[in-house]
Amino acid sequence: MTASHLFGCALAAALIMAQCVLPTSSVQRGTSSNDDFLRFKSVPDKVAHGSVAHVQYRCSQPCRLDVELVESTLQETEPPVFRRKWSSNKSHQVRRIHQALLRFPPSLVYRRSFFNQHVVQTQNVTLSAWIRYFNDGNTSSTHRPSKMKISKVLQITPLSERPATPPAECPSWPAELIWHISKHRVYQCPQESDQINLLPFPLASTGERFGVVRRFKPFINRDLERARLHAVAQPSVAFSVWFYLLEWCQKETCGIIHHVDRENSYASILMMLTDKGDLRIQAHLGSGEDEAFEVSVGFPLRKWIRLDCDIKDTQMHLRTTWGHKTRSHIYRFPDSVHFDDLDGFFVIGGSKYIEGIHGYYVNFKYYRLGTKQVENQLHPKATLKKLHHTHCACQEIKRFTAAYLQEVRKSHQGTKKGVCVPPFLTLWGRFGRRTCRQTWSWNTQRRHSTLFHFLTTQEKQLRAGSRGRRSSLLFHQAVGRMFNLDQPNITITSEVIALLQVSSCFGNHQASLLLATIHLAGLGKSVDQQKGHIYSLIGAAGDDRFALMHAGYKHTHGIDGFPEDLGMAYSYYVNVGAQSIADGLKIHEDTQYSPEHIYLSNKEDLNSVTDETGDAFRFLKYQAEGGDAEAQRQLATLLYWGHNGIIKDTTSAMKWFAKSAMHMGDPSAMYDYSILLIKGQGVKRNVTLGFQLLEKAATMGSISALNGLGWYHGIIRKDHRTAMKYFKEAALKGNEEGMYNLGVYYLSGKDPDSPWRDEMAAFQLFMNASSHGHIGASVEAARFLAMGNLDGVPQDLEEAVLLLTMVCELNGHLGYLIREALHDYLHGSWHEALVKYALAAETGLGLAQSNLAHLCEEQNLSDDCQWRYHNHSILHHDPHPSALLKMGDYFLDSSSQKGDSLSLVGRAILMYSGAALAGSPQGMYNLLLLAEQGYVLPPGTQDLFDVSDHKDVDKLVENILLSCIEAEDEEAVTPCVLALLRVQMGRALRKMTQNAAQLLLVYAALLSVFFLIVALPVQLCLERRVSSRRVTAAETSGVDRAGVNWNRMLEGIAGSAYRVAQTLWLTVLNGERRLLQTSDFVVTLSGVCLCVFCTTLLYHLL
């Protein structure tokens, strides 16, 4: 190739590069074909508000000119902050100039001030202009498809040199003060860590389909989030967990942790145990396939085991540790593991997809971006070791009891049982008869001496009883020894603790809960949270309803050393919710009652409790026997459910249900009786008659019967189309059972017209039914809220826990417990009532907490007991007004004794406000007293009484009193009525004093009162004197003529002395008469003045 060829190629390449580069470069002039051009005529060099840019151009065909401003920060280029455009549909052969007034946002032009608080730290601002021809076919508004474009970078004025924002208005003084205080504050991103401890506190797992749900959010830090997104296809994550196995898996596998994506499918990672104690791992690969492998480990029972899992791209490294030995295993997947922790949710333990282990989890650490070395020590070590020793002691107790009972059976067959003796006495056995036939040692018998004494004293009952019978006997014997008849206080001895521990080992987890209550509440012993936590965990792992509710309640509020963790609370509550659904099918049993809210401090509540001998029950029975259909239905309901202290009597209830349904034609009773006939509960099953009654009740307008017909067609006849029709009709008419059943059909996809799962429709129906108190619907709705996997339904653990809490409080076994406690209290067994109320109170039931606090106060137990449970009762989602008032009084009394009195008074106001919101007149009256003392009520409290002006104390006081009177709903004169009269009269007097004439009237009224006080006694005295003189004059006028003559003679003798005395007498008499007339005038005038005053006052009052 010649030199000329090389030069030609270089020239062609240069021309091509120029054509490629020039359209995208930043220049001052753009050119195109036909001598069209584009340039800036004049452009400002700096960013300044109100600057003008002149753009000169020429278009040989229809075109559009665009001008825009774009700011760029250090991180990225922001959207345009200014844009103008001009269009021309004609071709122009002359130059044209357009003027653009540049408008910059205040964040770019002015310094930071009160009216310009969000200042942008920009890197540069670029002014661009371009021309686009209309015949190009491009519709984009950007400059990328344009033929000509130009740009210029404008200088940014430093923040310190920028002018202040022109004030448009004056800020208020408080707002400006807050601004000056906070304007120099440097806002920083919160510190983030890729290490998360998913379980900082031990979780008790029952081996069922319940566990802790965890969802993760993106990192706030952009660098960390970028690293996480990069690791989705090539992950680098690590997990580490400690767990403790009480039993092997009941099925083939049970879950440690599993990840469910938004499509409700397993994602990476799934860690499971097998029924043989081995480990099975499954992961979702980048190729879209799932791959699993199994590692033969042989995990032991009742040992703390640590499992570490480290995932790096295609490799998984597993390490298992127990005792002092660590085992390692490495597995390589054929493709990279796909791991996105934002997709779906993770579950520790069991869920509806898989069962969990029966044991405990703790210290579940997750490294979102991996780690070189996993650090995960057993914590809290002392508590967990003590938990392990407790379980080992239980195993020894069981072996000891089994050996003893075996010896009892042998002795019962004819061989006399011996008793273990100290080791030195065993030497005698070598030279003669054996002194001990048992298989246990003396040390074992000594360690469990309380149990041995119990076994020896209860030998006959234990020989025929089961383990449950033994645990029940132990529990009741321990409760009986907690109280001394001579001393009212609770006495917790080591013997009582030992009996409860043995009862707990035998599966009576009410004993576990009572032990937890003793140690956490300090009932008869000093507080020991470590032991309280241990027995709380043991009871929850034993699947006891009350112990599960106890653990859920503690984690909901974060009290007694339990961390506040709604995820853990949900895992416990959802278990009780599922049990409550099953319990609802057996609610007719004698060990279940609907909870009744009877407060011991309320006399009306106590008077409402009756029995079969009470007048109310006997009168209702009399009406029912007389043929009253409503009375028959009420009597049947009372006997079936056992309300108001009535003992359940299913047989009698069926008789009254039948009478009301068959003879009186009551649709409600007809429905109740038909369901019992179809199910065969309490009566011989008769499906045909039950169906007939259902149809008749539905015809008579029973909405529940419509749902019953749907249930009959769906369950009995398997006619899902007809069932759906009835369920829809019942749901549209507001029946919660119909809503729930319709939701179940949508969730399972059994609708013949729409045979697919519609989770959103099911969720909405479940939420509607749960608002009416339906147990099953509340549990299902809580599942959706906890998972947060439904589009448009974010995770809401708080709402899920609240729904499940209300479900648990309706549990029939809990109702039976508080019913028994009330029965014991009414019959004088306050110590039995206290234990039962304590068990119920530790589940979080506000009723039991209030009653237990009342018992502690009534029996003069410790103040800690009283105020602990009053304080706990106000944590309830619907606290009782009496508890709020008690705590308000407590805070108010404490405010006078402590330094932070304002803080305590504020708490008292919050308590009284809650009581007032619940309709308590006493709470309203207490708020009134605090407001009058000058304390400022919170705005929310003032809004409660419709006070718009928060400074108008008089209006607030008056509205509080009006609400108080309305809440009292009594015609008698109450403190609120008297206080309202006082307030209104004070307001009327203030209005009168604002007018000069009325003010004079007020003074006149006061003087009138003074005159009346002075004049009335004078008037009475004068009237008395005048009347007495009249009597004297009458007597004098009756003197005979001789006496007159005698007087005349004396007059002649006495002379002038008599005339002087007579004149003096007349003077005194006339003065008294004038004084009496003056007094009458003053009294009359004062009365008139007071009448005018009262009339004016009444006018202002009305």
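Residues numbered from 1 in each chain as written. Predicted model: local features only at pLDDT ≥ 70, side-chain atom pairs only at ≥ 80, totals over all residues. Heavy atoms only, no water.

### Looking at the overall build of the chain
- A tally of regular secondary structure across the chain gives 39 helices and 23 strands.
- In the chain, which comprises 1102 residues, the share counted as buried stands at 46%.
- Partitioning the intrachain contacts of the chain with sequence separation of at least 6 by distance along the chain shows that 63% fall at a separation of at least 24.
- Surface accessibility of the chain: about 56,800 Å² in total, with carbon and sulfur atoms responsible for 54%. (Helix = DSSP H or I, 4+ residues; strand = E, 2+ residues; numbered from the N terminus. Buried < 20%, exposed > 50% of the residue type's maximum accessible area, 1.4 Å probe, protein only. Contact = heavy atoms within 4.5 Å. Areas by Shrake-Rupley, 256 points an atom, 1.4 Å probe, with all protein chains shown as cover.)

### Focus: the sheet that holds strand β13 (residues 253-260)
- Pairing is antiparallel across the open sheet formed by six strands, whose spatial order is β11-β20-β13-β14-β15-β16. The open sheet has two edge strands with one neighbour each: β11 (211-214) and β16 (290-295). The sheet shows a mean angle of 15° between the axes of neighbouring strands, taken without regard to direction.
- Inspection of the sheet shows strand β14 (residues 266-274) paired to strand β15 (residues 279-284) by four bridges, in the antiparallel sense. Residue pairing for β15: Met 272 is matched across the bridge by Arg 280. (Pairing = 2+ DSSP bridges. Axes fitted to C-alpha atoms, helices over the stretch in contact; angles between N-to-C directions.)

### A few points about the packing of aromatic side chains
- The full count for this structure, using the stated rule, is 28 aromatic pairs.
- With 6.3 Å between their ring centres and 85° between their planes, Phe 239 and Phe 364 make a pair best called edge-to-face. Of this pair, Phe 239 sits in strand β12 (residues 236-247) while Phe 364 is found in strand β21 (residues 358-367), placing the two residues 125 residues apart along the sequence. The same class applies to Phe 239 and to Phe 364, which are both buried.
- Seen in terms of ring centroids, Tyr 331 and Phe 333 are 5.1 Å apart; in terms of plane orientation they differ by 75°. Their pairing is edge-to-face.
- Taken together, the aromatic side chains of Phe 216, Phe 239, Phe 339, Phe 346, Phe 364 and Tyr 366 make up a single cluster linked through ring pairs.
- In this arrangement the basic side chain of Arg 327 is found over the ring face of Trp 322, its NZ or CZ atom lying 3.7 Å from the centre.
- Taking the ring centre of Tyr 726 as reference, the NZ or CZ of Lys 725 above it sits at 4.7 Å. (Phe/Tyr/Trp six-rings, centres within 6.5 Å; stacked < 30°, edge-to-face > 60°. Lys NZ or Arg CZ within 6 Å of the ring centre and 35° of its normal.)

### Points about the pairing of strand β17 (residues 304-312)
- Of all nine residues in β17, eight are buried; the element is thus mostly enclosed.
- As paired elements, β17 and strand β18 (residues 315-322) share seven bridges and run antiparallel to each other. Residue pairing for β18: Asp 308 is matched across the bridge by Arg 319.

### Quick notes on the side chain of Ser 580
- Mapped onto the elements of the fold, Ser 580 is located in helix α14 (residues 566-584).
- Here Ser 580 is in contact with Ile 775, Val 807, Cys 808 and Asn 811, once residues within four sequence places are set aside.

### Details of the nonpolar core
- Residues Phe 239, Phe 243, Ile 256, Leu 273, Leu 279, Tyr 360 and Tyr 570 are the most contacted members of the largest nonpolar core, which totals 177 residues.
- Setting aside its immediate chain neighbours within four residues, Leu 279 contacts Ile 256, Met 272, Leu 273, Phe 293, Glu 294, Val 295, Val 297, Phe 299, Leu 307 and Leu 318.
- Ranked by size, the runner-up nonpolar core spans 35 residues in total, among them Phe 617, Leu 639, Ala 661 and Leu 706. (Core = buried A, V, L, I, M, F, W, Y, C linked by side-chain atoms within 4.5 Å.)

### Let's talk about the state of the cysteines
- The tally for this structure, following the rule as stated, stands at five disulfides.
- Paired through a disulfide, Cys 856 and Cys 865 show a sulfur-sulfur distance of 1.8 Å.
- Under the relative-accessibility criterion, Cys 865 is labelled buried at 3%.
- Within the chain, bonded cysteines paired by disulfides and numbered along the sequence follow the pattern 1-2, 3-4, 5-6, 7-8, 9-10. (Disulfide = S-S within 2.5 Å.)

### So, the confidence of the model for the chain
- Summarising the model, the chain shows a mean pLDDT of 82, and 81% of its residues fall at 70 or more.
- Contacts for the low-pLDDT stretch residues 1-31, under 50 throughout, to residues beyond four places or in other chains number 27 contacts.
- Under a pLDDT of 50 for its full length, residues 1036-1042 has, in the predicted model, zero contacts with residues more than four places off or in other chains. (pLDDT = per-residue confidence, 0-100.)

### So, the environment of Val 576
- Note on placement: Val 576 falls in helix α14.
- Judged by relative accessible area, which is 0%, Val 576 ranks as buried.
- Remark: the alpha-carbon pair of Val 576 and Leu 804, spanning 228 residues in sequence, is separated by 8.2 Å.
- If we ignore the near neighbours within four places in the chain, the residues touching Val 576 are Arg 545, Leu 548, Met 549 and Cys 808.

### A short note on helix α17 (residues 629-641)
- A rise of 1.5 Å per residue sets the reference length of α17, with its 13 residues, at 18 Å; its end C-alpha atoms lie 18 Å apart and thus fit the reference within 8%.
- When we look at burial in α17, the residues that qualify are Ala 631, Gln 632, Leu 635, Ala 636, Leu 638, Leu 639 and Tyr 640. (Expected span 1.5 Å × (residues − 1).)

### Observations concerning helix α22 (residues 720-732)
- Along its 13 residues, α22 runs 18 Å from first to last C-alpha, staying within 8% of the 18 Å computed at 1.5 Å per residue.
- Turning to α22, its buried residues number three or more, namely Ala 723, Met 724, Tyr 726, Phe 727, Ala 730 and Ala 731.
- Its buried side turned inward, α22 meets α21 (703-716) and α23 (736-748).

### Let's talk about the environment of Ser 660
- By secondary structure assignment, the location of Ser 660 is in helix α18 (residues 650-663).
- Residue classification places Ser 660 among the buried residues on the basis of a relative accessible area of 0%.
- The spacing of Ser 660 and Gln 634 is 26 residues in sequence and 9.7 Å in space, taken between C-alpha atoms.

### A few points about unusual backbone geometry
- Residue Ser 268 is joined to Ile 269 through a cis peptide bond whose omega torsion reads 15°.
- As for its placement among the helices and strands, Ile 269 is situated in strand β14.
- Along the chain, His 379 connects to Pro 380 via a cis peptide bond; the corresponding omega equals -5°.
- The residue Pro 380 is located in the loop between β21 and α5 (381-412) in this model.
- Phi at Asp 543 takes a positive value of approximately 65°, unusual for a residue other than glycine.
- For Asp 543, the position within the fold is in the loop between α12 (529-541) and α13 (545-557).

### As for the environment of Gln 692
- Positionally, Gln 692 belongs in helix α20 (residues 687-699).
- For Gln 692 and Leu 709, which are 17 residues apart along the polypeptide, the C-alpha to C-alpha distance reads 10.0 Å.

### Some thoughts on the packing of helix α31 (residues 881-895) against helix α33 (residues 921-932)
- Two elements in contact, α31 and α33, have axes whose closest approach is 11 Å; the angle formed by their N-to-C orientations is 25°. Of the possible angle classes, the one that applies to α31 and α33 is roughly parallel. The handedness of the crossing between α31 and α33 is left-handed. Counted together, Leu 885, Asp 889 and Leu 892 of α31 and Gln 922, Gly 923, Asn 926 and Leu 930 of α33 form the full contact between these two elements.
- Residue composition of the contact of α31 with α33, by class: three nonpolar, three polar and one charged. (Parallel < 35°, antiparallel > 145°, perpendicular 65-115°, else oblique. Left-handed = near helix turned anticlockwise from the far one by under 90°. Nonpolar A, V, L, I, M, F, W, Y, C, P; charged D, E, K, R; others polar.)

### Concerning the pattern of salt bridges
- What the rule picks out here adds up to 29 salt bridges.
- Residues Arg 306 and Asp 308 are paired through a salt bridge, measuring 3.0 Å at the closest nitrogen-oxygen approach.
- The class for Asp 308 is buried, based on a relative accessible area of 4%.
- The closest approach of N and O atoms between Asp 308 and Arg 319, which form a salt bridge, is 3.9 Å. Of this pair, Asp 308 sits in strand β17 while Arg 319 is found in strand β18, placing the two residues eleven residues apart along the sequence.
- Because the salt bridges share partners, they merge into one network encompassing Glu 225, Arg 228, Asp 340, Asp 341 and Arg 368. (Salt bridge = Lys/Arg side-chain N within 4 Å of Asp/Glu carboxyl O.)

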